[in-house]
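Spelled out from the first residue to the last, the chains are:
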Amino acid sequence: MAATLRIQSDWSRALSRDEGEAWLSCRSPGKATLYGSVTRRGLSSDGVPDIVASEGFVVGEVTKKSILISCPHENVSTKFLAPYTSFCRIHQKSITCLDISSGGGLGVSTSTDGTMKIWQAANGEIRRLLEGHVYDVNCCRFFPSGLVVLSGGMDAQLKIWSAEDASCVVTFKGHKGGILDTAMVDRGRNVLSCSRDGTARLWDCGQSSCLGTVADCGSPVNGIAVGTADSSLNLGSPESPPSEREVGTEGKMLLLAREDKKLQGVGLQSRQPVFLFMGSDAFNCCTFLSSTYILAGTQDGNIYQLDVRNTNAPIQVIHRSGAPVLSLLPYRDGFIASQGDGTCFIVQQDLDYVLDLTEADCDPVYKVASWEKEIYTCCRDGTVRRYQLSDL
């Protein structure tokens, strides 16, 4: 794995004044870490800070919210982005999950303060409080319409809410342990959930009933993702004809990120196993990059990229630190990952540098959501951060 560049988490504040300084480091496996700093010498004629780096580091393009740093000796470059805005008043405690509506107007988030809230994405102003789960809510997401929210809690209940009036319209019961993640099938007539009880279940929203157990792993399922599988893949056929209430499950595969170090693929309609991949540690999250490529992140900091047609060996393993990989999100020609040490980074195929979303200081970034060029993160420090990407 290539070298990793780091910068002081509050670098944009530190460099906002003359002679301001922020530390840098470049860590390469098996080598001594190179330490250095960047210092502000004043402003250039067009109002952009004039920043210089210590020996071994080079400063590239600088804007008010970003700085490109490279370490030529290790042939590595990273563009560090500071948040465009931060919302500290949505929750009182650690924020465990968030999502942004399809139109970009609303956010929803859950917190260890016991609340789930809907807020305006532009300014963080709270619009609705969604009350009804017992104990903590673990996960929340908008339906594609942007008007309805799906949530799962430690109370083993899955709930559907109106974002307009905060009413709980459906409650699904059936899991025997806390719900850890959810997924949508197409427009959301059917939804999926996974739980500490080791199962993933398919639900029918219209009749608020369980359509079946898609997988029973005997080990907690920490994360799931559903996607259209490559047509060459044999997804198996169902043992009995699927219910007519099952909509859009054909040709799709469910990924399961399991606590027992296994990543599993299951035919969504057939409920048949497609592959089983053994990782280095518990899998926390997974996602589809395309119909052939998938990503999954582990507790010991590995991000595996696999080809679903041949999962014997990964295409690549990305390892930036030993901190748990907590969320993975496909983005443009690549992905966004967040980790338990506060790092959050974007990898794009055609970019020769990594984009690093900074400011969380050693506090886990639990979840990332995007809307067009805006990236939202939620963190243990109780802050939702919004980053504005320029043209990639």
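Residues numbered from 1 in each chain as written. Predicted model: local features only at pLDDT ≥ 70, side-chain atom pairs only at ≥ 80, totals over all residues. Heavy atoms only, no water.

Participant: Just to check I follow, could you spell out the sheet that holds strand β25 (residues 283-288) for this structure?
Facilitator: By definition, the strands of a sheet pair up through backbone hydrogen bonds, in either a parallel or an antiparallel sense. If you trace the four strands from one edge of the open sheet to the other, you get β25-β26-β27-β28, paired in antiparallel fashion. Two strands lie at the open edges of the sheet, namely β25 and β28 (316-319), each paired on one side alone. Each strand of the sheet is rotated relative to its neighbour by a mean of 20°, with strand direction disregarded. Taken together, the four bridges between strand β27 (residues 302-307) and β28 define a ladder with antiparallel strand orientation. Looking at the pairing, Ile303 lines up with Ile318 of β28. (Pairing = 2+ DSSP bridges. Helix = DSSP H or I, 4+ residues; strand = E, 2+ residues; numbered from the N terminus. Axes fitted to C-alpha atoms, helices over the stretch in contact; angles between N-to-C directions.)

Participant: How do you make sense of the nonpolar core when you look at a structure like this?
Facilitator: Note that soluble globular proteins tend to have their nonpolar side chains buried in a common cluster. Counting 24 residues, the largest nonpolar core has Val108, Leu130, Phe172 and Val191 as its most contacted members. Looking at this core, the elements that each hand over two or more residues are β11 (116-120), β13 (137-142), β14 (148-153), β15 (158-162), β16 (168-172) and β17 (179-185). With four residues, the single largest contributor to this core is β13. If near-sequence neighbours (up to four positions away) are discounted, Val191 is found in contact with Phe143, Leu150, Leu158, Phe172, Ala183, Met184, Arg201, Leu202, Trp203 and Cys205. Of all hydrophobic cores here, the second largest spans 19 residues; its members include Ala3, Cys26, Val38 and Ala82. (Core = buried A, V, L, I, M, F, W, Y, C linked by side-chain atoms within 4.5 Å. Buried < 20%, exposed > 50% of the residue type's maximum accessible area, 1.4 Å probe, protein only. Contact = heavy atoms within 4.5 Å.)

Participant: Please clarify how the side chain of Arg386 should be interpreted in this entry.
Facilitator: Within the secondary structure layout, Arg386 lies in strand β35 (residues 384-388). By relative accessible area, which is 9% here, Arg386 ends up buried. Polar side-chain contacts of Arg386 include one of 3.0 Å to the backbone oxygen of Ala122. Each residue touching Arg386, except ones within four places of it in the same chain, is listed here: Pro83, Tyr84, Thr85, Phe87, Ala121, Ala122, Glu374, Ile375 and Tyr376. (Polar contact = N/O pair within 3.5 Å; in protein donor to acceptor, adjacent residues only side chain to side chain.)

Just geometry here; none of it tells us what the structure is for.
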